[in-house]
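Listed here are the chains, written in short residue letters.
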Amino acid sequence: MLYAFRSIFNDSLLSSASCSIDQKENQIEEECLKVLVLHHPVANDLRFVIAVLKFNNDLERMGDLAANIAERSIYLASHEPLLAVLNFHRMADGVQAMVSKSLDALIRMDTKLAQIVLTLDDEIDDLNREENVYHPVRYNAPESGVYKSGGANPFSISLSGTNRRLIYQHYR
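All of the points below concern the structure found in this document. (Residues numbered from 1 in each chain as written. Predicted model: local features only at pLDDT ≥ 70, side-chain atom pairs only at ≥ 80, totals over all residues. Heavy atoms only, no water.)

Below, the discussion takes up the packing of helix H3 (residues 43-77) against helix H4 (residues 88-108). The interhelical angle for the contact between H3 and H4, taken along N-to-C directions, is 165°, at an axis separation of 11 Å. It follows from the interaxial angle that H3 and H4 lie roughly antiparallel. Considering how the two elements wind past one another, H3 and H4 form a crossing that is left-handed. Within the contact between the two elements, H3 uses Phe-48, Ala-51, Val-52, Phe-55, Leu-59 and Met-62 and H4 uses Val-99, Ser-102, Leu-103, Leu-106 and Ile-107. By residue class, the composition of the contact of H3 with H4 is ten nonpolar, one polar and no charged. (Axes fitted to C-alpha atoms, helices over the stretch in contact; angles between N-to-C directions. Helix = DSSP H or I, 4+ residues; strand = E, 2+ residues; numbered from the N terminus. Parallel < 35°, antiparallel > 145°, perpendicular 65-115°, else oblique. Left-handed = near helix turned anticlockwise from the far one by under 90°. Contact = heavy atoms within 4.5 Å. Nonpolar A, V, L, I, M, F, W, Y, C, P; charged D, E, K, R; others polar.)

Among the structural elements, Lys-112 can be located in helix H5 (residues 111-134). Since its relative accessible area comes to 68%, Lys-112 is described here as exposed. (Buried < 20%, exposed > 50% of the residue type's maximum accessible area, 1.4 Å probe, protein only.)

Within this structure, the stated rule accounts for two salt bridges. Here Glu-31 makes a salt bridge to Lys-34, at a shortest N to O gap of 3.4 Å. Remark: Lys-34 and Glu-31 occur in helix H2 (residues 11-39); sequence separation between them is three residues, near one turn of the helix. (Salt bridge = Lys/Arg side-chain N within 4 Å of Asp/Glu carboxyl O.)

So yeah, pure geometry; function would need other evidence.
This is the structure we're talking about:
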């Protein structure tokens, strides 16, 4: 199964996906800049355009992180399986829910939903800490090919910042 994964996600596919994400980020940024220049938004409209710009940047960063994970997965597929049982599925599902809810909160300017996303972020951080507690050596051993930060999940960090900005803008 891992070898099938490796054949599907090769370097050219990762490069193509990364390029596509970068192009979308630039396209959205250009549209936001056009709105700023041509329409001179103020107050809530200006805050919304700025929030979209920042969220766009966060999504591009998450795309880069996902590409890094895919590259590491290709590397791991060519080595012996890890002995540890990893619980990444719950974290991945949680982060996907955060992305979806963050987009909804941004589009609707819904601060209550943004607050829910921050709660989800705490849950993801707890899962990340659990993984670090139960498997600290296996993750960070050079031969494992898996390196975990001692802190929070980088995907949820981006989403937390986006939702905190949304809440802050609402109460300004």
